[in-house]
Amino acid sequence: EWGTISRNDRPAIWESLQFRFGLSYILIILGVLLLLNSYPLLVSEDLVFRSKTTNLQASVAVMVNSLSGLDRLTEENVSAAMSVVEETGLSRILVTDNAGRVLYDTRETGGAVGSYVLYTEIVQALLGEDASSCTYQGAAFRSRASSPVLYQNQIIGAVYAYEYDTDQAALLAGLQGNLLRLSGVIALVVLVLSLILSKTLTRRIGLLLNAIQQVREGSYSHRADIRGGDEIAQIGHEFNSLTDRLQITETARRRFVSDASHELKTPLAAIRLLSDSILQTDNIDLETTKEFVSDIEQEAERLSRITEDLLRLTRLDSGVLEAPMPVDVLPVLEQVLRMMNLVAQEKEVDLTYSAAEDCAVLGTRDEIHQVIYNLVDNAVKYTGSGGAVQVALGRAAGEVILTVADNGAGIPEADLPRIFERFYRVDKARSRAAGGTGLGLSIVNDTVKRRGGVVEAANRPGGGAVFTVRWPRLEGGGNG
Ligand code: ADP
């Protein structure tokens, strides 16, 4: 177990994505709601304050105006002057002389005429300044305003007005209530939405996580089933194709291992059988012993061919390549053909070639040798006596092309696509009898691909197989 988070290591609730998403939604919406419930109220309250004090100040100014021209204020001349003033909607009007003694009071019960009232606003007015204030409490707006009354620049008294208003206060309270109810609804909707959203989000992430864990534990056929087109669905898609590749690689690896062990098992079993026969047979004669030992040697040779091929393939798989250098193909081809000519003559196969000059590719001499050898060896091997094998080396736009054609039985169309797979053979018995390992063509394919080339197999219209190798051509020739 080398993972850091196993299936049982679920994150603590406050570490989970769902919790964090949910919490951030809720915090954001709480902030917004707080703003919604305070800012508009504060603004409208302020607006009411301002309009109230302005209006009240204007009413006071009208009253002060009607008192102007009097040189001294008395109860009589004040009430005479005030009786013509329309007192609209004001709760109380007070007029005092310059000492603060009340000369006129509109309050019916408990009027303060004759006594001294020293409200802040009145004191300020008597000091020569206009004053006003407004408060909102107890579901009512209370506003006050006052101004001095002057006669020849002398302060002879003050007018004070007071308004108690519950109508606008009720409007404001209504607004407040509405906002609160609205906020409640919004909060509820957001809560439910955020729960649903974070739930679906984390559910899909959970699905993905679960799929990853299953695959990690070895069930390569498991796929993440995540629908949609968002990033999580994309991750799911990518994960699935990654798993596809993993599965293919894993299947290939398993098959390779089982094929390889099978291939190794056959010669080993033969060796055991042969040596057992020698050991078990009493009075075995020298001739028979030699024959058996020679068979053992052949099997041992096959074993070493297989292991050599396997090692070669492993090296190709590992991706560690020898540094490429320019190689002229023609000398290598001629060397292979010199060697193969002996085999061909022995098998009565006619081996001919045509070649162009100046065919250089990037690679190593050994690997080019291996490619040509494997293809020519196959062609000779799978073409019966009396057959013909033609090798051609040529070049075309940017490519060096090698073709190896024979007039043997060819390859069944159904097998053509699989011919380059490891251990794949059309006719197992024939291949074994001919000393094949089933790895030759995959070595060719891998080697050529590693250097940027391609190999193709096809059947010739007149019968027989043709293999074509294309390497990227190196301009300027090689040093052979
Ligand atoms: P082997 O060691 O069996 O020759 P290869 O990988 O070289 O393995 O070839 C795979 C199979 O392809 C062979 O077993 C054979 O059936 C088929 N094959 C390869 N070359 C030819 C050819 N020139 N003509 C017909 N069949 C061929």
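For the structure itself, consult the block above.
Residues numbered from 1 in each chain as written. Predicted model: local features only at pLDDT ≥ 70, side-chain atom pairs only at ≥ 80, totals over all residues. Heavy atoms only, no water.

Engineer: Describe the site of the ligand, naming the residues involved and giving the relevant values.
Structural biologist: Near the ligand there are 21 residues, and of these N378, Y382, S431, G438 and L441 occur at the shortest range. Interatomic distance of 2.8 Å between a side-chain N/O atom of N378 and an oxygen atom of the ligand. The side chain of D406 places a nitrogen or oxygen atom 2.8 Å from a nitrogen atom of the ligand. Protein burial of the ligand: of its 530 Å² of free accessible surface, 96% is covered by the chains. Assessed atom by atom at 2 Å from the grid points, the ligand resides in the largest pocket. Of all elements in the fold, only α8 (365–381), α10 (440–450) and β12 (465–472) reach the threshold of two or more residues within the shell around the ligand. Here the element with the most residues in the shell around the ligand is α8; it accounts for three residues. Taken together, the residues of the shell around the ligand sort by class into 10 nonpolar, seven polar and four charged. (Near = heavy atom within 4 Å. Polar contact = N/O pair within 3.5 Å; in protein donor to acceptor, adjacent residues only side chain to side chain. Areas by Shrake-Rupley, 256 points an atom, 1.4 Å probe, with all protein chains shown as cover. 1 Å grid on protein atoms, 1.4 Å probe; cavity = no way out; pocket = protein on both sides within 12 Å on 5 of 7 lines; lining within 4 Å. Sits in = over half its atoms within 2 Å of the grid points. Helix = DSSP H or I, 4+ residues; strand = E, 2+ residues; numbered from the N terminus. Nonpolar A, V, L, I, M, F, W, Y, C, P; charged D, E, K, R; others polar.)

Engineer: If you had to explain the side chain of R473 to someone new, which residues and values would you point to?
Structural biologist: Here R473 lies in the segment after β12. Engagement of the side chain of R473 in a polar contact is seen with the backbone oxygen of D358, the distance being 3.3 Å. R473 has contacts with D358, A360, R395, G398, E399 and V400, leaving out every residue within four places of it along the chain. (Contact = heavy atoms within 4.5 Å.)

Engineer: Tell me about a negative patch on the surface, residues and numbers included.
Structural biologist: Negative charge collects at one region of the surface, where D285, E287, E291 and D295 lie side by side. Among the secondary structure elements, E287 is positioned in helix α6 (residues 286–318). (Patch = residues over 30% accessible without salt bridge, like charges linked within 9 Å, V, L, I, M, F, W, Y side chains within 5 Å. Salt bridge = Lys/Arg side-chain N within 4 Å of Asp/Glu carboxyl O. Lys, Arg positive; Asp, Glu negative; His and termini not counted. Charge placed at Lys NZ, Arg CZ, Asp CG, Glu CD.)

Engineer: Outline the nonpolar core, listing residues and values.
Structural biologist: Counting 39 residues, the largest nonpolar core has I372, L375, V376, V391, L402 and W471 as the members making the most contacts within it. Those elements that provide at least two residues to this core are α7 (329–347), α8, β9 (388–396), β10 (399–406), α10, β11 (454–459) and β12. A per-element tally of this core places α7 first, with eight residues. Excluding its chain neighbours within four sequence positions, the residues that come into contact with W471 are V361, I368, V371, G398, E399, V400, L402, V448 and G453. Residues L67, V85, L90 and A161 belong to the second largest nonpolar core, which totals 20 residues. (Core = buried A, V, L, I, M, F, W, Y, C linked by side-chain atoms within 4.5 Å. Buried < 20%, exposed > 50% of the residue type's maximum accessible area, 1.4 Å probe, protein only.)

Engineer: Go over the sheet that holds strand β1 (residues 92–97) with me, naming the residues and quoting the values.
Structural biologist: Reading across from one edge, β2-β1-β5-β4-β3 is the order of the five strands in this open sheet, with antiparallel pairing throughout. The outermost strands of the open sheet, each flanked by one partner alone, are β2 (102–105) and β3 (131–137). Direction aside, the axes of adjacent strands within the sheet are offset by 15° on average. When β1 meets strand β5 (residues 154–165), the two strands line up antiparallel, connected through six bridges. Paired with V95 across the two strands is V159, which belongs to β5. Packed on one face of the sheet, helix α1 (residues 17–67) meets β1, β3, β4 (140–151) and β5 and runs near 30° to β4. Helix α4 (residues 167–216) contacts β3, β4 and β5 of the sheet and is inclined by roughly 145° relative to β4. (Pairing = 2+ DSSP bridges. Axes fitted to C-alpha atoms, helices over the stretch in contact; angles between N-to-C directions.)

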